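Results of the structural survey
Chain by chain, the residues:
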Amino acid sequence: MKKIYFIALLMIVVSLDTKAQQESLITQYNSQMVLFNPAAVSLDGGSTMTLLHRRHWANAPMSPITTSFTYGYDAGNNVGLGVSVIMDKVFVTQSTFVSIDYSYRLQLEDEAFLYLGVKAGANFYAINAGGLNTYNLVADPSLNTTDIILPNIGFGAHYTKGAFYFSVGVPRVLDTRQTKTENGLVSVVTDKPHLYSAMGYEFLVSKSENIYVRPSVFTRTVTGAPIITDFNTMVGFNRSFEIGATYRTNNAFAALMNLKLNNQFTTGWVYEVNSQSQYSNVGSSLEVLLKYQF
């Protein structure tokens, strides 16, 4: 049975390498927008720290794991500063992108603001070939451990007017291509720029009971891969509890829930499934989020 899961996981990873995005995929994008757009750092003012952990395909051994950390604060004079870290680990490979985020706020009208952002950082990419089991008596020289650092820069813009927002960002603009030659072996890592856009609006259903509905759309675009869009709707009660659902155009469905424990702590959960046949044996994907507002 483990062999079947491993073969299924390997086939999916190979297909993702040719058809899907190279960068991280998370469902709670509204809580981690700064990962995709530096202009979104410290949108709410004050200081906010967020930690997210996602396990893809929970039934498959060595399946992809994504962990992200963001911190942003209002530095005054319309400036927002922060740091973001996102790490993806699958099988024997690990990619960690660390960046510093900067945004500047422009007031266009009484309730309209435009945030412009810059992200500067580097991607630390590693392959641990020591985690591979081979059946050869002589070690395979092509299975060498690789460590590469790829600097990058990103830009973004975020517009808000009342309860409406529109966001567009490219967190890694450079089409980085690094070639490493060691002992006659050549390894190449290439990062393609991803364009992310998001739009949402909050409808107040009951002012007295503070009930609202917040639909949003989140789109990922990258050269050589199909465009993937998330359609999300959240229903909130008294600014302390939210429940909702997401449909992703690659036939993924997710249920979401956010609970505000007190004035500082918020926690969130995601349960996600995919209806495509190649995902039938690998199980669901799970996300857990913790947010602290200073």
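Remember, it's a predicted structure, so these values are computed and weren't measured experimentally. (Residues numbered from 1 in each chain as written. Predicted model: local features only at pLDDT ≥ 70, side-chain atom pairs only at ≥ 80, totals over all residues. Heavy atoms only, no water.)

**Some thoughts on the overall build of the protein**
Along the backbone of the protein there are 1 helix and 17 strands. Counting every position in the protein, which comprises 294 residues, the buried fraction comes to 39%. (Helix = DSSP H or I, 4+ residues; strand = E, 2+ residues; numbered from the N terminus. Buried < 20%, exposed > 50% of the residue type's maximum accessible area, 1.4 Å probe, protein only.)

**Digging into the pattern of salt bridges**
Taken as a whole and judged by the stated rule, the model has 11 salt bridges. A salt bridge links E23 to R172; the nearest nitrogen and oxygen atoms lie 3.7 Å apart. Of this pair, E23 sits in the loop between helix 1 (2-19) and strand 1 (47-55) while R172 sits in the loop between strand 7 (164-170) and strand 8 (177-182); the two residues are 149 residues apart in sequence, bridging distant segments of the chain. For E23, a relative accessible area of 12% gives the class buried. Classification of R172 by relative accessible area gives buried; the value is 11%. Salt-bridge contacts for E109 lead to K161; the nearest nitrogen and oxygen are separated by 3.2 Å. Remark: K161 occurs in strand 6 (residues 146-161) and E109 occurs in the loop between strand 4 (93-107) and strand 5 (112-127); sequence separation between them is 52 residues. (Salt bridge = Lys/Arg side-chain N within 4 Å of Asp/Glu carboxyl O.)

**A look at the nonpolar core**
Soluble globular proteins: nonpolar side chains tend toward being buried together. Counting 14 residues, the largest nonpolar core has Y29, M33, F36 and F218 as the members making the most contacts within it. Filtering out sequence-adjacent residues up to four positions away, F218 remains in contact with Y29, M33, F36, Y196, S197, A198, I228, T229 and D230. (Core = buried A, V, L, I, M, F, W, Y, C linked by side-chain atoms within 4.5 Å. Contact = heavy atoms within 4.5 Å.)

**Let's talk about the pairing of strand 17 (residues 285-293)**
Relative to strand 17, strand 1 runs antiparallel, the two sharing 8 bridges. Among the inter-strand pairings, M49 is bridged to a residue of strand 17, identified as Y292. Alignment of strand 16 (residues 265-274) against strand 17, held across 8 bridges, turns out to be antiparallel. Looking at the pairing, W269 lines up with V288 of strand 17. (Pairing = 2+ DSSP bridges.)

**Some remarks on the pairing of strand 3 (residues 79-90)**
Direction of pairing for strand 2 (residues 65-76) relative to strand 3: antiparallel, over a ladder of 11 bridges. Looking across to strand 3, one finds that D74 is bridged to G80. When strand 3 meets strand 4, the two strands line up antiparallel, connected through 12 bridges. The residue of strand 4 that forms the bridge with I86 is F97. The turn linking strand 3 back onto strand 4 is made up of 2 residues, and F91 within it adopts a positive phi angle of 55°.

**A short note on the confidence of the model for the protein**
Detailed reading of the predicted coordinates is not advisable wherever pLDDT falls low. Mean pLDDT over the protein works out to 85, with 80% of the residues at or above the 70 mark. Note that residues 1-21 has pLDDT below 50 and, in this model, 28 contacts with residues that lie over four places away or in other chains. (pLDDT = per-residue confidence, 0-100.)

**Focus: the side chain of N232**
Summarising the element assignment, N232 is placed in strand 13 (residues 228-237). Only 2.7 Å separates the side chain of N232 from the side chain of T246, close enough to count as a polar contact. If we ignore the near neighbours within four places in the chain, the residues touching N232 are Y29, N30, R214, P215, S216, A245, T246 and L256. (Polar contact = N/O pair within 3.5 Å; in protein donor to acceptor, adjacent residues only side chain to side chain.)

**Notes on the packing of aromatic side chains**
If you walk through the whole model with that rule in mind, you get 11 aromatic pairs. The rings of Y71, Y73, F265, Y292 and F294 are connected pair by pair, giving a single aromatic cluster. Positioned above the aromatic ring of F97, the side-chain terminus of R172 is 4.2 Å from the ring centre. Here the basic side chain of R239 rests over the ring of Y212, its NZ or CZ set 4.1 Å away from the ring centre. (Phe/Tyr/Trp six-rings, centres within 6.5 Å; stacked < 30°, edge-to-face > 60°. Lys NZ or Arg CZ within 6 Å of the ring centre and 35° of its normal.)

**Some details on a nonpolar patch on the surface**
A surface patch of nonpolar side chains, about 720 Å² in accessible area, is lined by Y102, Y104, L106, L108, L116, V118, F155, V173 and L174. Of all elements in the fold, only strand 4 and strand 5 reach the threshold of two or more residues within the nonpolar patch. The element best represented in the nonpolar patch is strand 4, accounting for 3 residues. Relative to the assigned elements, Y104 resides in strand 4. (Patch = residues over 30% accessible without salt bridge, like charges linked within 9 Å, V, L, I, M, F, W, Y side chains within 5 Å. Areas by Shrake-Rupley, 256 points an atom, 1.4 Å probe, with all protein chains shown as cover.)

**Description of the environment of P193**
Relative to the helices and strands, P193 resides in the loop between strand 9 (185-190) and strand 10 (194-201). Taking the C-alpha atoms as reference points, P193 and V170, separated by 23 residues in sequence, lie 6.8 Å from one another. Excluding residues that lie within four positions of it along the chain, P193 makes contacts with V170, R172, V173, L174, D175, T221 and V222.

**A word on unusual backbone geometry**
For N78, which is not glycine, the phi dihedral falls at a positive 65°. The backbone phi angle of N238 is positive, close to 55°, even though this residue is not glycine. Along the chain, the position of N238 falls in the loop between strand 13 and strand 14 (241-248).

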